[in-house]
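So the chains spell out like this:
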Amino acid sequence: MVDARASGSLWRSVRSLPEFWRLLELRTASQFGDGLFQAGLAGGLLFNPERAADPWAVAGAFAVLFLPYSIVGPFAGALLDRWDRRAVLVAANLARLVLVIGVGVQLAVGASDLAVLCGALIVNGFSRFVTSGLSAALPHVVPREHVVTMNSVATATGATATFLGANFMLLPRWLFGTGDAGAATIIFLVALPVAVALVLSVRFPRHVLGPDDTARAVHGSAFYAVATGWVYGARTVLTTPTVAATLSGLASHRMVFGINTLLVLVIVRHTDTEAVVGLGTAVIFVAATGSGSFLANLLAPTAIRRWGRYVTANGALACAAAIQLAGATLQLVVMVACGFLLGLAGQMVKLCADTAMQIDVDDALRGHVFAVQDSLFWVSFIAAIAGAAALMPATGHSPGLALAGTAIYLVGLAVHAIVGRARPVRF
């Protein structure tokens, strides 16, 4: 009864914020498209009988997809703090729509892996730009005292949409086949949710999503703002202990997630002879991780209110280090269970980081910082995958790599505990 009342109260709170509701609709459409695109691409390149994938091929695919934008992201992120964020979202979604269709055409004509990945790289860059813009805009449509709760709602909504998009991919893959033609069909379907996201972006009134022109705003030409994006973003992170601490913990989680992802992908490639079965096993792992993240979105507001961000993130990292030990068995069932628990722990840290950036960072620099976070998010992931690929045997059986994940979590915990102590917070 209490839970029902709480759920009803939360629902009424969300519905009482019309611009936040619009933001949720946009995030849902956008991240459903992201999930469908990423899963379709993974199926088309990594689990395609017409193409091959060893550990280095998997690592290379991730690197081409995420590393270039991760390097330039903080430069581009400066535009989120300079131009009307509503206009940026409209332009980014329009570009995504055109480019997604282009990637579908590439797969349909049997283009090389590198050509497809380069097209997907640009799509992914605009997708990350949209996600950063939505996160930076949230405090403009939510009262300050509700930022923690509504950030969890937004993140849970986005994660659910991504999960549904990724799993929806299995239906057209089953209907249209596992080859290039089937993969192209899936990518063409991505155009539908992206088109919806574009329409929803246009519906926002001008300037309602920020940015504010505060005393800390970066003035000068657009070229100057972009050229100094990394500097202002990194400086803001380093001078805000709550942000620096939680981002260090988040980086350690992403590194371990990268190692575990490569282990699972390579192991299923060598234990499941059917491409569809192998992809299904990989999807179950991703689904378990996503389910843990979803649960974290429900638990985080209560945990943060009770213990504060500092203690909550420390506890999550300590639990993650212990959970990772079990993953060293390299049994897929155990790794799926660990994926669920690590998804829970890692998302708790991410929500603490998001809240720190939304509350402790000036709006004129918030886009810079979210772009830095996005870069750190993917650079850590790719660096871990590349390192693991260099050490991993072709079969993927490497318990030592899983154990190294525990050490990485402990380092992240130590850095977070030391840096975050400079300014512990309760909300």
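Here is what the cut-offs are and how they apply
- Residues numbered from 1 in each chain as written.
- Predicted model: local features only at pLDDT ≥ 70, side-chain atom pairs only at ≥ 80, totals over all residues.
- Heavy atoms only, no water.
- Salt bridge = Lys/Arg side-chain N within 4 Å of Asp/Glu carboxyl O.
- Helix = DSSP H or I, 4+ residues; strand = E, 2+ residues; numbered from the N terminus.
- Buried < 20%, exposed > 50% of the residue type's maximum accessible area, 1.4 Å probe, protein only.
- Core = buried A, V, L, I, M, F, W, Y, C linked by side-chain atoms within 4.5 Å.
- Contact = heavy atoms within 4.5 Å.
- Phe/Tyr/Trp six-rings, centres within 6.5 Å; stacked < 30°, edge-to-face > 60°.
- Lys NZ or Arg CZ within 6 Å of the ring centre and 35° of its normal.
- Expected span 1.5 Å × (residues − 1).
- Axes fitted to C-alpha atoms, helices over the stretch in contact; angles between N-to-C directions.
- Parallel < 35°, antiparallel > 145°, perpendicular 65-115°, else oblique.
- Left-handed = near helix turned anticlockwise from the far one by under 90°.
- Nonpolar A, V, L, I, M, F, W, Y, C, P; charged D, E, K, R; others polar.
- Patch = residues over 30% accessible without salt bridge, like charges linked within 9 Å, V, L, I, M, F, W, Y side chains within 5 Å.
- Areas by Shrake-Rupley, 256 points an atom, 1.4 Å probe, with all protein chains shown as cover.

Trainee: Just checking my understanding: could you explain the pattern of salt bridges for this structure?
Mentor: Should their charged atoms come close, side chains of opposite charge can pair. Under the criterion given, the structure shown has eight salt bridges. The residue Arg-85 makes a salt bridge to Asp-363 at a minimum N-O spacing of 3.2 Å. Remark: Asp-363 occurs in helix H14 (residues 363-391) and Arg-85 occurs in helix H4 (residues 85-108); sequence separation between them is 278 residues. Asp-363 matches Arg-85 in its accessibility class, with the two residues each being buried. When salt bridges that share partners are traced, they join Arg-85, Asp-363 and Arg-366 into one network.

Trainee: When you look at the nonpolar core in this model, what are you seeing that I'm missing?
Mentor: Grouped burial of nonpolar side chains is what soluble globular proteins tend to show. If you look at the biggest cluster of nonpolar residues, it comprises 93 residues, and the most contacted ones within it are Phe-20, Val-142, Val-243 and Leu-263. A per-element tally of this core places helix H11 (residues 241-271) first, with 14 residues. Setting aside residues no more than four positions away along its own chain, Val-243 makes contact with Val-237, Ala-356, Met-357, Val-361 and Val-369. Core analysis: the second largest hydrophobic core is formed by 25 residues, Phe-37, Leu-45, Ala-111 and Leu-117 among them.

Trainee: Looking at this structure, how should I read unusual backbone geometry?
Mentor: Note: most peptide bonds trans; most residues except glycine with negative phi. At His-207, a position not held by glycine, the phi torsion is positive, near 70°. Structurally, His-207 is set in the loop between helix H8 (180-203) and helix H9 (222-227). For Leu-330, which is not glycine, the phi dihedral falls at a positive 60°. Within the secondary structure layout, Leu-330 lies in the loop between helix H12 (275-326) and helix H13 (332-360). Exposure remark for Leu-330: the relative accessible area of 7% places this residue in the buried category.

Trainee: What should I look at first to understand the packing of aromatic side chains in this one?
Mentor: Centre distance and the angle of the planes are the two values used to describe a pair of aromatic rings. For the structure shown, the criterion picks out five aromatic pairs. Summarising the aromatic geometry, the rings of Trp-378 and Phe-381 are spaced 5.4 Å apart at their centres and angled 90° between planes, so their arrangement reads as edge-to-face. In this pair, Trp-378 and Phe-381 are both assigned in helix H14, three residues apart and thus about one turn of the helix distant. Through a chain of ring-to-ring contacts, the aromatic side chains of Phe-257, Phe-285, Phe-377, Trp-378 and Phe-381 assemble into a single cluster. Here the basic side chain of Arg-254 rests over the ring of Phe-377, its NZ or CZ set 3.8 Å away from the ring centre. Here the guanidinium or amino end of Arg-254 rests over the ring plane of Trp-378, the centre of that ring lying 4.8 Å away.

Trainee: Would you mind showing me how to read helix H2 (residues 18-45) here?
Mentor: One turn of an α-helix holds 3.6 residues; hence residues three or four places apart share an orientation. A rise of 1.5 Å per residue sets the reference length of H2, with its 28 residues, at 40 Å; its end C-alpha atoms lie 41 Å apart and thus fit the reference within 8%. Here H2 lies mainly inside the structure; 20 of its 28 residues are buried.

Trainee: Help me understand the packing of H13 against H14, please; the structure alone is not making it clear to me.
Mentor: Two packed helices can be described by the angle between their axes and the distance between those axes. Packing of H13 against H14 leaves a shortest axis separation of 10 Å and a crossing angle of 160°. When the axis of H13 is compared with that of H14, the two are roughly antiparallel. Along this stretch, H13 crosses H14, giving a crossing that reads as right-handed. Where H13 approaches H14, its residues Lys-350, Ala-353, Asp-354, Met-357 and Gln-358 are matched on the opposing element by Arg-366, Val-369, Phe-370, Gln-373 and Phe-377. Of the residues assigned to the contact of H13 with H14, the class counts are five nonpolar, two polar and three charged.

Trainee: Mind showing me how you'd approach the side chain of Thr-355 here?
Mentor: Tracing the sequence through the fold places Thr-355 in helix H13. The exposure class assigned to Thr-355 is buried, which follows from its relative accessible area of 1%. Apart from the residues within four sequence positions on either side, Thr-355 is in contact with Val-148, Asn-151, Arg-309 and Asp-360.

Trainee: How should I be thinking about the environment of Ala-87 in this particular structure?
Mentor: Mapped onto the secondary structure, Ala-87 falls in helix H4. Residues Ala-87 and Pro-205, spaced 118 residues apart in sequence, show a C-alpha to C-alpha distance of 9.8 Å.

Trainee: I tried to follow a nonpolar patch on the surface on my own but got confused; where do I start?
Mentor: Side chains of Phe-168, Leu-171, Trp-174, Leu-175 and Phe-176 sit close together on the surface and give an oily, nonpolar patch of about 580 Å² of accessible area. Examining the composition of the nonpolar patch, we find that four residues originate from one element, helix H7 (residues 170-176), more than from any other. Secondary-structure assignment places Phe-168 in helix H6 (residues 147-168). The exposure class assigned to Phe-168 is partly exposed, which follows from its relative accessible area of 36%.

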